[in-house]
Structure formats: C-alpha cells, structure tokens
2 protein chains.
Amino acid sequence: MTQPRLSIVFVLYPGVTQLDFTGPYQFLSRLPGSATVVASVDGGDMQADGLTFSGLTKLSDIEQCDVICVPGGFGTTEAMGDQVLLAHLRRLAVGARYVTSVCTGSLLLAAAGLLQGKRAACHWAWREQLGVMGAIPDDGRVVRAGIDFALTLVAEIAGEDFAKGLQLGLEYAPAPPFNSGRPETAEPEVYERVEQLYALRRDGTAAAARAAAERLKLAQT
Amino acid sequence: MTQPRLSIVFVLYPGVTQLDFTGPYQFLSRLPGSATVVASVDGGDMQADGLTFSGLTKLSDIEQCDVICVPGGFGTTEAMGDQVLLAHLRRLAVGARYVTSVCTGSLLLAAAGLLQGKRAACHWAWREQLGVMGAIPDDGRVVRAGIDFALTLVAEIAGEDFAKGLQLGLEYAPAPPFNSGRPETAEPEVYERVEQLYALRRDGTAAAARAAAERLKLAQT
C-alpha cells in the first residue's frame with residue numbers, strides 16, 4: 001500500500017464512553033500506513049466504563065496529527081471546563097486534516113471554539129447544547145455513529161475498496177434485535193424513560209455549555 | 001432494579017480482537033446488578049490491536065460465573081492449543097448460565113470440547129473449522145455480531161424494555177456506509193481479495209483445529 005503515513009489521535013478524558021473510541025479505533029488502526037495513538041492530558045491509566053486503558057500518550061507530547069477524534073461520554077460535562085484539554089484540541093486542530101468526534105465528543109470541540117458556525121452532530125439528548133456554543137446542531141448520521149463514521153473516513157482516506165474489504169474482514173454487518181437506537185424509532189415509553197434519566201444529567205451539561213460559550217465570547221472580543 | 005447479581009466474564013488471550021469484547025462489554029456492563037470482569041490466564045496487561053488493557057483478573061481467581069464470553073481474533077489459532085486456557089473455559093462453563101462467544105471465539109469453545117454436537121456461529125472465513133472439532137457450524141446472526149449478541153442477551157436477562165432503553169441511551173442505530181459486511185453482500189472482487197488474505201492464515205487454524213479434535217477424541221475414549 002502506498003498511503004502516506006497518517007497520524008490519528010483519540011483524545012480521552014475521565015468519564016469517556018469506551019465504545020466511542022474502541023469502535024472507530026478498530027477500523028482506523030487498520031488503515032494502511034496509519035499510526036493510531038490514544039492520548040490524554042496526563043497520559044496516565046484511564047478508566048472507562050470499568051475497563052482500564054494503559055500506555056496512553058500525553059497530549060503535550062504530540063506535536064501534530066492528521067486526524068483528531070474526540071469520543072463522547074458522561075464525562076464531557078466536566079471536560080468542557082478543562083482548559084488544558086481544550087487548549088490541546090485547539091492546538092492540534094490547526095494542523096489536522098480531519099477534526100472529528102463521536103456522540104457527545106462534539107461538545108468538547110464546541111467548547112474549544114472549533115465549531116463556531118459549523119454543522120455538527122451529537123447524541124440526541126445533548127444536541128441542543130451545541131447551539132449554545134455557536135455550532136449548528138445537525139442530525140447527520142455519519143458524524144454520530146462511531147463505527148459508521150470510522151468506515152466512512154477509512155473510505156475517504158484509503159478508498160472505498162479498502163473500506164469494503166475491512167468491513168468484510170471485521171464482519172461488520174450489524175442487525176440490532178430492536179429498532180430503538182434513535183428517539184424517532186424507539187417506542188414512546190422507552191424514549192420517555194431514557195429522556196427522564198438523561199434530563200437529570202442535562203442541567204450540569206447546560207451550565208458547562210453556557211460557561212464555555214461565555215469564555216468563547218470573551219476570547220472573541 | 002431487582003435483578004439478581006450476575007457475574008459476566010470476558011476471557012482474553014494474546015491476539016484477541018478488542019472490538020469483539022469492548023462492544024459487548026459496553027452493553028453488558030450496564031446490566032443492572034451485573035459485575036463484569038475481564039480475565040486472562042495470567043491477569044497481566046493485555047495488548048489488543050494496539051490498545052493496552054490493564055487490571056485484568058486471573059482466570060484462576062474466578063470460582064464461578066453466570067456468563068462467559070469468548071471474543072475472537074487472529075490469536076485464536078495459538079490459543080486453541082493453550083491447555084490452561086481451555087481447562088479454565090471447561091471449568092467455568094460447568095456453572096455458567098450462558099456460554100457465549102463472538103466471531104472466532106467459538107473456535108476456543110469448540111477446542112475446549114464445549115460445542116460437541118452443538119450449533120455455533122463463527123467468522124465466515126473460519127466457520128468450517130468448527131465442524132472439524134465436532135460443532136455444527138451455523139450461519140445464525142446473533143451469535144456472531146458482538147453488539148447485537150450483547151443486546152439480545154441483555155433483553156433475555158433484564159427484559160426487552162430495559163434493552164431497548166439501553167440501545168437508545170447508547171444511540172446504537174448502525175447505518176454502515178457500505179453493505180460489505182458479509183460474503184453474500186460484498187462485491188465479488190472485495191470478497192476474493194479478503195478471502196485470499198485470510199486463506200494465508202487458515203492453514204494454521206486448520207492444523208490447530210485438527211490437533212484439538214484429536215485431543216477431544218482421546219479424552220472421550
């Protein structure tokens with residue numbers, strides 16, 4: 001394969017949802033010529049949903065990368081106020097070809113000021129917070145589903161044929177037993193129950209979004 | 001929630017495919033009352049596709065569990081000859097309510113003698129090796145796709161309503177950009193290319209399957 005060497009960085013933080021990065025990682029790490037790195041502010045072991053990830057890279061040790069991917073998770077609320085993390089996102093975004101996120105990871109890109117006036121997707125329960133920070137909430141699918149996003153990116157970088165072979169090799173042929181993955185398709189009582197659970201968490205995220213928006217406005221004036 | 005405490009063990013080994021356990025883990029670890037553990041023979045750090053997992057449990061420290069899940073990976077070929085690993089699978093299977101696998105993980109269950117005369121699924125490129133070890137290769141979907149399998153199991157254990165809520169909460173609504181995840185749907189040239197790549201690896205797996213079958217026969221006589 002004659003792809004140029006491509007450096008891909010997944011940015012982790014406490015409270016990240018592990019599948020949001022392990023899913024895309026599985027596909028992107030098999031890109032020919034790619035170097036895939038998992039990084040955090042301090043590079044220490046990272047707990048995520050009960051799994052412990054070791055061997056992380058410190059963000060300050062990464063000079064430049066081609067792809068940034070910020071996974072989502074309940075920890076975004078806290079991370080939206082982490083000025084060191086946000087500064088690294090801004091710094092790395094300057095030289096990156098692709099600045100991407102999965103699920104609520106877009107809230108961190110928005111809090112970093114990287115989505116001003118830009119379309120972005122987010123988990124349905126948190127989508128409106130993007131608007132608070134100057135992004136344009138978008139219902140687009142690809143930006144949201146981690147593996148689908150990764151496969152789309154693989155195709156863009158290495159071509160459709162390679163992406164299709166990778167999909168076959170990893171036998172990615174999802175067939176969920178239920179059709180409850182989105183508010184539009186879930187039964188109303190299922191939606192109501194989950195929505196109420198998430199509403200409890202949303203106040204904190206909304207406050208973090210307003211604080212981030214305030215900082216972005218101050219930085220612009 | 002009033003579910004009984006349920007212990008779930010993911011069995012790792014060198015060369016495991018990380019998404020095969022991180023995918024189901026994301027769903028099963030959110031089962032009410034569940035205790036989800038990632039284990040290996042020696043409990044040391046485990047590299048998988050470039051990620052490093054720490055804090056693993058030693059299999060010998062697990063007395064009993066309700067669910068065993070064996071993920072797949074290229075490392076199955078080697079692991080099929082690991083008699084310590086196979087003995088742990090046999091031991092834990094005795095008291096388990098669910099003995100499960102993802103992708104080529106079924107080759108390890110078969111090598112341990114746990115699938116004699118039983119239907120089992122496997123990655124398409126390795127499926128026939130199951131038959132060599134006395135299992136009945138099955139094209140069934142649920143046993144194969146990690147996340148779909150997990151969601152099905154969650155529904156069986158905690159009820160459909162809970163499973164649907166979890167699917168909505170994790171926004172699992174896959175929409176792959178290509179339909180190449182299975183040999184039947186992939187374009188012929190994509191299939192040929194991947195099949196040829198995997199054929200190179202299959203000789204080793206076939207030899208391991210024959211050796212395991214021989215051991216199983218000897219054990220029975």
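The structure we're discussing is the one just above.
So, how was this worked out
- Residues numbered from 1 in each chain as written.
- Chains lettered and ligands numbered in written order.
- Predicted model: local features only at pLDDT ≥ 70, side-chain atom pairs only at ≥ 80, totals over all residues.
- Heavy atoms only, no water.
- Phe/Tyr/Trp six-rings, centres within 6.5 Å; stacked < 30°, edge-to-face > 60°.
- Helix = DSSP H or I, 4+ residues; strand = E, 2+ residues; numbered from the N terminus.
- Buried < 20%, exposed > 50% of the residue type's maximum accessible area, 1.4 Å probe, protein only.
- Lys NZ or Arg CZ within 6 Å of the ring centre and 35° of its normal.
- Contact = heavy atoms within 4.5 Å.
- Buried area = accessible area lost by both parts, 1.4 Å probe.
- Salt bridge = Lys/Arg side-chain N within 4 Å of Asp/Glu carboxyl O.
- Polar contact = N/O pair within 3.5 Å; in protein donor to acceptor, adjacent residues only side chain to side chain.
- Least-squares fit on C-alpha atoms with pLDDT ≥ 70 in both.
- Pairing = 2+ DSSP bridges.
- Axes fitted to C-alpha atoms, helices over the stretch in contact; angles between N-to-C directions.

Visitor: Give me the lowdown on the packing of aromatic side chains, citing residues and values where you can.
Guide: Residue and element names in this part refer to chain A. Evaluation of the coordinates by the stated rule reveals 17 aromatic pairs over all chains. With 5.7 Å between their ring centres and 45° between their planes, Phe-10 and Tyr-25 make a pair best called tilted. Placement of the pair is Phe-10 in strand β1 (residues 6-11) and Tyr-25 in helix α1 (residues 18-28), with a sequence separation of 15 residues. Accessibility expressed as a relative area gives 3% for Tyr-25, which makes it buried. Their ring planes at 50° and their centres at 4.9 Å tell us that Trp-126 and Tyr-198 sit as a pair that is tilted. One end of the pair, Trp-126, is in the loop between β8 (119-120) and α5 (127-132); the other, Tyr-198, is in helix α8 (residues 188-220), and 72 residues separate them in sequence. You can call Trp-126 buried: its relative accessible area is 6%. Through pairs of rings, three or more aromatic residues link up here, namely Phe-74, Trp-124, Trp-126, Tyr-191 and Tyr-198. Directly above the ring of Phe-74 sits Arg-201, whose terminal nitrogen or CZ lies 3.6 Å from the centroid.

Visitor: I'd love a proper account of the interface of chain B and chain A, names of residues and values included.
Guide: With 60 residues of chain B at the contact, the number on the chain A side is 60 residues. Counting each side, the surface lost to burial between chain B and chain A is near 4,900 Å², with a carbon and sulfur contribution of 59%. A per-residue breakdown of the area chain B buries against chain A is headed by Leu168(B), Glu171(B) and Phe178(B), which together make up 16% of the total. Asp49(B) is the salt-bridge partner of Arg30(A), the closest N and O atoms lying 3.5 Å from each other. Where chain B meets chain A, there are 37 residue pairs in polar contact (both at pLDDT 80 or more). Put simply, the parts of the chain that give the side of chain B that touches chain A at least two residues each are α1 (18-28), β4 (51-54), α6 (146-158), α7 (160-169) and α8 (188-220) of chain B. Broken down by element, the side of chain B that touches chain A gets its largest block of residues, nine residues, from α7(B).

Visitor: Residue-level account of the relation of the copies chain B and chain A, with values.
Guide: Placing chain B over chain A gives an RMSD of 0.0 Å and needs a rotation angle of 180°, together with 0.0 Å of translation along the axis. The operation mapping one copy onto its partner corresponds to a two-fold rotation axis. Relative to the rotation axis, the closest C-alpha in chain B is found at Phe53(B), a distance of 2.4 Å. In this assembly, 100% of the residues forming the interface of chain B have copies in chain A that are likewise at the interface, indicating an isologous arrangement.

Visitor: A description of the side chain of Lys164(B) should follow, citing residues and the corresponding values.
Guide: One can find Lys164(B) in helix α7. For Lys164(B), the side chain forms a polar contact with the side chain of Glu187(A), separated by 2.4 Å. Leaving out residues up to four positions away in the same chain, Lys164(B) has contacts with Phe178(A), Ser180(A), Glu187(A) and Val190(A).

Visitor: So what about the sheet that holds strand β1 (residues 6-11) of chain B? Which residues, and what values?
Guide: All names here are of chain B. Here we have five strands laid out as an open sheet, ordered β5-β2-β1-β6-β7, and parallel in their pairing. The open sheet is flanked by β5 (57-58) and β7 (98-101), the only strands paired with a single partner. Pairing of β1 with strand β6 (residues 67-70), which is carried by three bridges, proceeds in the parallel orientation. Bridge pairing links Val-9 to Ile-68 in β6. In the packing of α1 onto the sheet, the strands contacted are β1 and β2 (34-40), and the crossing angle to β1 comes to about 170°. The strands touched by helix α3 (residues 83-95) within the sheet are β1, β6 and β7, with β6 carrying the most contacts at an inclination of about 150°.

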